[in-house]
Amino acid sequence: MLGLNYQSKRGYIGLDYYGRTISIKILPMGIHMGQIQSILSLPDTAQKVKELKNKYDGKIVLLGVDDMDMFKGISLKFMAFGLLLDENPSYRGRVVLVQIMNAPRSQGRDIQEVQNEINKVANEINRKYGSHEYQPIVCVNGPVSFQDKVAYYVISECVVVNAVRDGMNLVPYKYTVSRQGTPDLDKALGLENSATPRKSVIIVSEFIGCSPSLSGAIRVNPWDVNSVAEAMFLGITMADSEKELRHEKHYKYITSHDVAYWARSFDQDLERACAEHYMKRCWGIGFGLNSRVVALGPNFRKLSVEHIVSAYNSTNSRLILLDYDGTMMPQDRVDKSPSPEVISVLNSLCNDPKNIVFIVSGRGKDSLGKWFSQCEKLGLSAEHGGLKTPCGKLAEATDGSSIEQKESALVWHHQKADPDFGSCQAKELLDHLESVLANDPVVVKNGQQIVEVKPQGVSKGVVVKNLVETMRYKGKPADFVLCIGDDRSDEEMFEAIASSIAHRSLPETAEVFACTVGQKPSMAKYYLDDTVEVIRMLQGLSAASAQQQPKQPQNLVSFEGSV
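Note that the structure is predicted; figures quoted are calculated from it, not measured.

Undergrad: I tried to follow the overall build of the protein chain on my own but got confused; where do I start?
TA: If you tally the helices and strands in the protein chain, you get 18 helices and 22 strands. A compact globule built from 563 residues should have a C-alpha radius of gyration of about 24 Å, whereas the protein chain, at 35 Å, is more than 25% larger. Summarising its shape, the C-alpha atoms of the protein chain cover approximately 110 × 50 × 45 Å along the three principal directions. A separation threshold of at least 6 residues defines the contact pool for the protein chain, and within that pool the share at least 24 residues apart is 69%. Of the roughly 28800 Å² that the protein chain leaves accessible, carbon and sulfur atoms contribute 51%. If the 63 positive side-chain charges of the protein chain are averaged to one point and the 67 negative ones to another, these points end up 3 Å apart.

This is the structure in structure tokens:
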């Protein structure tokens, strides 16, 4: 919905959001093992188990424990049980569904309607299949103590959690631990050997939180009454060896992932998620629903013209990399061709024999070649390759959007569309193209008011790496690097520069200035407020070149297309 990029990292999802990494992790809550084991060890519990064992002697008990709530699917569970008895007459008189109903947490007409529906379905099934000696559905109305619930867990062959929507729901966990039993409970159940393998069956709705963590449970869609009835049949007829294997798997997981484990894990994850936040400065921007908190690194600062000119004057092999749109040309300008001022400053920089100057842009090479034809020594890097994908329908459906078919890529622009609708359509297009082109050697990217499809292995970062390596190979490694850009694609250049420093592709003494346009989270260490300041800074470098003694020009390497 937000169109955010994410990365999967060692068990959690990391979202980069305005300079902060938001961690999202699935961490199911566990149960308090000590609490439930203390209840299992009480003499009263064994006595209650013995009484229930005698009451339901010779019968297979299915158990439900739910709040009186419209989302718990109790009436759907009863319908499925009725279908089970209807299709399997041999189970009539042998199988009982005990439903413990906790007291409702609120009162109102909706609760009363749910209760009336539950009673209606239960009474109908009991009249149809019951007798004086046999009641198919036994409703135990709350409040019911935890000790009494544990006793029911112990005697039940299967637990059915059939909610149509729920949170975590720890009933299956408590049921599994209770079925593990104790020596006193074994005596109450009439088990002569305490080493007898334990068994349990869990039928769980796919719409509740604990479902993914119970790999041995029978998962059901509670709305599909037939599948729930089939699950009940499977739970009753399943071989004991299978029940034992499923129980063992669940018990190991539940005991090792109890509430203490959850608390420790949450604390560790919270500490890891916040570790970098303490080193950043946070700023509040925007108003109302557009309010955001932006986190900036402690070393992120405005680029001083005096500082960069000083470094510029003390170096002899310079690499200057400039994005175009949004960096040297304002985004809101209709005429995108460079002004005489831009042409002049670029020619001045290119005429300095110590400089290699490149425009690194996402635009097609025809546009760049035409616009900068007056800059003979300027290097141009535009994408290379071609791809044709039918996106015309989305452009027609989004007023103000357009498609640019480059030699190197296909780009859908939505700068002139409604901001909210354009962003929504961009997200939809991004998802669709990623799905359709999943097996093709292309990359789909969401940039600044664009969605772009281009060949794999072609990016601004690759351009930077190749230029740095080329200069080093020619024996003139860059001792000064200036890289300026304004959007997400330019972050690839900043990342490539950082990688070049880490891998020592640049000299240790190199003066490096990675600069973004606008005060926003970035891999760059410097920022300038707008295109006006960018041109002013380049003019400062141009003036410094003009003051230096002219030298014999060196051979410059000119690249077209992807470098």
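Undergrad: Looking at this structure, how should I read the environment of V464?
TA: The topology assignment puts V464 in helix 16 (residues 460-473). Overall, the relative accessible area of 1% leaves V464 in the buried class. Sequence separation of V464 and F358 is 106 residues, and the distance between their C-alpha atoms is 9.8 Å. What V464 contacts, discounting residues up to four positions off in sequence, is L321, M493, A496 and I497.

Undergrad: Would you take a moment to explain helix 6 (residues 171-180) for this structure?
TA: The periodicity of an α-helix, 3.6 residues per turn, causes residues three or four places apart in sequence to face the same way. The buried fraction of helix 6 is high, at 8 of 10 residues. For helix 6, the complete set of buried residues consists of V171, P172, Y173, Y175, T176, V177, S178 and R179. One or two steps after helix 6, the chain reaches G181, where phi turns positive at roughly 75 degrees.

Undergrad: What exactly am I supposed to notice about the sheet that holds strand 16 (residues 402-405) here?
TA: Note on sheets: strands pair through backbone hydrogen bonds, and any given pair is parallel or antiparallel. The antiparallel open sheet is built from 4 strands, whose spatial order is 16-17-19-18. Here the strands that pair on one side only, and so sit at the sheet edges, are strand 16 and strand 18 (442-447). Taking each pair of neighbouring strands and ignoring which way they run, the sheet shows an average axis angle of 15 degrees. Pairing between strand 16 and strand 17 (residues 410-413): 4 bridges, direction antiparallel. From the neighbouring strand, E404 faces strand 17, where its bridge partner is V411.

Undergrad: I would appreciate a short explanation of the nonpolar core in the present structure.
TA: Grouped together as the largest cluster of nonpolar side chains are 77 residues, with contacts concentrated most on Y56, F78, F81, V98, Y152 and M232. Examining the composition of this core, we find that 8 residues originate from one element, helix 3 (residues 74-87), more than from any other. The contact partners of Y152, leaving out residues within four places of it in the chain, are L52, Y56, L63, V98, I100 and V140. Listed in part, the 39 residues of the second largest apolar core include V309, V342, V345 and M537.

Undergrad: How should helix 15 (residues 419-436) be read in this particular structure?
TA: Between the first and last C-alpha of helix 15 there are 26 Å, a value that for 18 residues agrees with the 26 Å anticipated at 1.5 Å per step. Among all positions of helix 15, only G422, Q425, A426, L429, L430 and L433 are buried. Projected onto a plane normal to the axis of helix 15, the buried residues spread over an arc of 145 degrees and lie on a single side. For helix 15, the exposed residues lying more than 90 degrees away from the buried face are D420 and S435.

Undergrad: Whenever I open this one, the pairing of strand 19 (residues 450-455) confuses me. Can you help?
TA: Along any regular strand the residues' side chains alternate between the sheet's two faces. Of all 6 residues that make up strand 19, 6 are buried, and the element is covered over most of its length. For strand 17 and strand 19, the ladder comprises 4 bridges, and the chain directions are antiparallel. Following the sheet pairing, H413 is matched in strand 19 by I450. Taken together, strand 18 and the strand that follows it, strand 19, pair antiparallel across an intervening segment of 2 residues, in which Q449 is found at a positive phi of about 60 degrees.

Undergrad: It is not clear to me how the sheet that holds strand 21 (residues 511-517) should be interpreted in this structure. Could you clarify?
TA: With parallel pairing, 7 strands are arranged side by side in an open sheet as 12-22-21-20-13-14-15. Only two strands of the sheet have a single partner each, and these edge strands are strand 12 (301-302) and strand 15 (379-381). In the sheet, strand 13 (residues 318-322) pairs with strand 14 (residues 355-360) via 5 bridges, with the strands oriented parallel. Among the inter-strand pairings, L322 is bridged to a residue of strand 14, identified as I359. Relative to strand 13, helix 16 is tilted by about 165 degrees, and along the sheet it contacts strand 13, strand 14 and strand 15.

Undergrad: Looking at this structure, I do not really get unusual backbone geometry. What am I missing?
TA: Negative phi values dominate among residues other than glycine, just as trans dominates among peptide bonds. One non-glycine residue, N169, lies in positive phi territory at about 60 degrees. Mapped onto the elements, N169 comes out in the loop between strand 7 (158-161) and helix 6. The buried category is assigned to N169, whose relative accessible area is 14%. In the Ramachandran plot, R504 falls in the positive-phi region, its phi being about 60 degrees despite a non-glycine side chain. Mapped onto the secondary structure, R504 falls in the loop between helix 17 (488-502) and strand 21. Accessibility expressed as a relative area gives 62% for R504, which makes it exposed.

Undergrad: How should I be thinking about a negative patch on the surface in this particular structure?
TA: A cluster of acidic residues, D86, E87, D224 and E230, forms a negative patch at the surface. Within the secondary structure, E230 is located in helix 8 (residues 225-237). The class of E230 is exposed, set by a relative accessible area of 55%.

Undergrad: Got a minute to help me understand the packing of helix 12 (residues 340-350) against helix 18 (residues 531-547) in this structure?
TA: For any two helices packed against each other, one specifies the crossing angle of their axes together with the interaxial distance. In the contact formed by helix 12 and helix 18, the axes pass within 9 Å of each other and the chain directions differ by 35 degrees. Between helix 12 and helix 18 lies a crossing whose hand is left-handed. Of helix 18, the residues touching helix 12 (which contributes E341, V342, V345, S348 and L349) are I535, L538, Q539, L541 and S542. Grouping the constituent residues of the contact of helix 12 with helix 18 by class yields 6 nonpolar, 3 polar and 1 charged.

About the cut-offs
- Residues numbered from 1 in each chain as written.
- Predicted model: local features only at pLDDT ≥ 70, side-chain atom pairs only at ≥ 80, totals over all residues.
- Heavy atoms only, no water.
- Helix = DSSP H or I, 4+ residues; strand = E, 2+ residues; numbered from the N terminus.
- Rg over C-alpha atoms; globule rule 2.2 N^0.38 Å.
- Contact = heavy atoms within 4.5 Å.
- Areas by Shrake-Rupley, 256 points an atom, 1.4 Å probe, with all protein chains shown as cover.
- Lys, Arg positive; Asp, Glu negative; His and termini not counted.
- Charge placed at Lys NZ, Arg CZ, Asp CG, Glu CD.
- Buried < 20%, exposed > 50% of the residue type's maximum accessible area, 1.4 Å probe, protein only.
- Pairing = 2+ DSSP bridges.
- Axes fitted to C-alpha atoms, helices over the stretch in contact; angles between N-to-C directions.
- Core = buried A, V, L, I, M, F, W, Y, C linked by side-chain atoms within 4.5 Å.
- Expected span 1.5 Å × (residues − 1).
- Arc of directions from axis to C-beta.
- Patch = residues over 30% accessible without salt bridge, like charges linked within 9 Å, V, L, I, M, F, W, Y side chains within 5 Å.
- Salt bridge = Lys/Arg side-chain N within 4 Å of Asp/Glu carboxyl O.
- Left-handed = near helix turned anticlockwise from the far one by under 90°.
- Nonpolar A, V, L, I, M, F, W, Y, C, P; charged D, E, K, R; others polar.

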